[in-house]
Amino acid sequence: MKSHLNVINLSFSLLQEAIVPYIPTLIGQLTHKLLLVSKNPSKPHFNHYLFESLCLSIRITCKANPDTVNSFEEALFPVFTEILQNDVQEFVPYVFQVMSLLLEIHTSSIPSSYMALFPHLLQPALWERTGNIPPLVRLLQAYLEKGAATIASAAADKIPGLLGVFQKLIASKANDHQGFYLLNSIVEHMPPDSITQYRKQIFILLFQRLQSSKTTKFVKSFLVFINLYCVKYGAIALQEIFDSIQPKMFGMVVEKIIIPEVQKVSGQVEKKICAVGITKILTECPAMMDTEYTKLWSPLLQALIGLFELPEDDSIPDDEHFIDIEDTPGYQTAFSQLAFAGKKEHDPIGDAVSNPKILLAQSLHKLSTACPGRVPSMLSTSLPAEALQYLQGYLQAATVQLV
């Protein structure tokens, strides 16, 4: 039967749109088979390929006609509900992946069938199983992307539960990056007013983790988060929230974390977020020009130019070369990624900034016109020659000058 599914998947991949008329029949059979094997899920490879077949069917059909997503949901949701209610542990991570794929296809507001399930996804018991965590985080990200306004208006009482999931994940060295995925989606998509009361506590939790257990992975994720926060809410808001926790904390973060660690950030989207955030700190935060933070301005600019031009720092301290085995009592279902449920990389800044180097040049030009003479003076006295040369290249490419 596994070989039959392999043939189906290969046929689906090769024939694509040509098989669209036959997919309703196939889905009926695949759904029936799924219901049967969920009673006794004893063949892991077969089960995996069964879910791959479902995902591929969804992708091909909805690519040709996105509205057919509703038909898939009508066929699959009764089976999924039964799997979730009966807690078929082997299948639950797969169900979350397929649901994410379906929800991400929707172009309008989030359907009520998903909102009915939302509170159940926050139940602590679901998050105790390590195999559930990656697909559940992705599913919650899909909820936030498609239904943040609905969550804010119709399920605001569930926001503390959502943040409770984040708190649990960032406490774990193994899963803290998943916590940041969730947090970044909350910051990106939730209406600002809906999370105002929680923002300071979020930062306090992150600082507690930094103090108790600082790792390179955590610092990299933390840098992406604070720069995304800066992009979303502005550099002044970032400075003010840090300094509201503890006076001069913003300067400590810039000096002790951003400047020395930003070279370790990996990934094109992550680097772009950091570049745009740091550009805003340099050019849209008055405290960086007129307080004791001013001494950090040139080193921060140098760190940003380093992010653009120097190789990524992939070094890891000796004491972090370990496999972190956390308390996972008893048998744990492993997470198996479905190839055909794959998620494309998301850029929260998108086309708003196509070239961060040009943005830096334009932003420095704007800053220099607001305070003539200051920026060239700071550059000439404290920026190394090589960094200054790179910066001149950015200014020329943007066809702007410093005043």
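Throughout, a residue's number is its position along its own chain's written sequence, starting from 1. The predicted nature of this model means local features are confined to residues of pLDDT at least 70 and side-chain atom pairs, given and counted, to a pLDDT of 80 or more, with totals for whole chains, interfaces and linings taken over all residues. Working from all heavy atoms in the structure, the side-chain values ignore hydrogens and water.

1. Quick word on helix α12 (residues 216-233)
In an α-helix there are 3.6 residues to a turn, and that puts residues three or four apart on one side. For the record, the criterion: The helix count covers DSSP runs of H or I at least four residues long, the strand count covers runs of E at least two residues long, and both are numbered beginning at the N terminus. Between the first and last residue of a helix there are one fewer steps than residues, each counted as 1.5 Å, and that sum is the expected span. When a residue's accessible area, from a 1.4 Å probe over protein chains only, is under 20% of the maximum for its type it is buried; when over 50% it is exposed; and in between it is partly exposed.
An ideal rise of 1.5 Å per residue puts 26 Å on 18 residues; α12 measures up with 26 Å between its terminal C-alpha atoms. With 14 of 18 residues buried, α12 is to be regarded as a mostly interior element. Just past α12, the residue G234 takes up positive phi, approximately 100°.

2. Comments concerning the nonpolar core
Note the cut-off: Each nonpolar core is a collection of buried residues, namely Ala, Val, Leu, Ile, Met, Phe, Trp, Tyr and Cys, held together in the definition by side-chain atoms within 4.5 Å. Residue contacts are defined here by distance: any two heavy atoms, one from each residue, within 4.5 Å place the two residues in contact.
Among the nonpolar cores identified, the biggest contains 139 residues, and Y143, F222 and W297 are the most heavily contacted of them. Looking at this core, the element that brings in the most residues is α12, giving 11 residues. What W297 contacts, discounting residues up to four positions off in sequence, is L282, M288, M289, L364, L367, V375, M378 and L379.

3. Structural notes on helix α15 (residues 268-284)
Between its terminal C-alpha atoms α15 stretches 24 Å, which fits the 24 Å expected from 17 residues at 1.5 Å a residue. For α15, a buried count of 14 out of 17 residues is recorded, marking the element as mostly surrounded by other parts of the structure.

4. Points about the packing of aromatic side chains
Here is the rule we go by: For this analysis, a ring pair means two rings from Phe, Tyr or Trp (six-membered ring only for Trp) whose centres lie within 6.5 Å, classed as stacked if their planes differ by under 30 degrees, edge-to-face if by over 60, and tilted for the remaining angles. Remark: a charge is flagged as sitting over a ring if the NZ atom of Lys or the CZ atom of Arg is within 6 Å of the ring centre and within 35 degrees of the ring normal.
Under the defined criterion, the tally for this structure stands at 19 aromatic pairs. When the centroid spacing of 4.8 Å and the interplanar angle of 15° are considered together, the rings of F51 and Y94 count as stacked. In this pair, F51 sits in helix α3 (residues 44-64) while Y94 sits in helix α5 (residues 92-105), placing the two residues 43 residues apart along the sequence. Residue F51 is classed as buried on the basis of its relative accessible area of 0%. Where F203 meets F225, the ring centres are 5.3 Å apart and the plane angle is 50°; that geometry is what we call tilted. Highlighted residues: F203 in helix α11 (residues 192-212) and F225 in helix α12, separated in sequence by 22 residues. In this pair, the class of F203 matches that of F225, namely buried. Chaining the aromatic ring pairs together yields one cluster made of F180, F203, F207, F218, F222, F225, Y229, Y233, F242, F250 and Y293. The ring of Y233 has R199 lying over it, and the distance from NZ or CZ to the ring centre is 4.0 Å.

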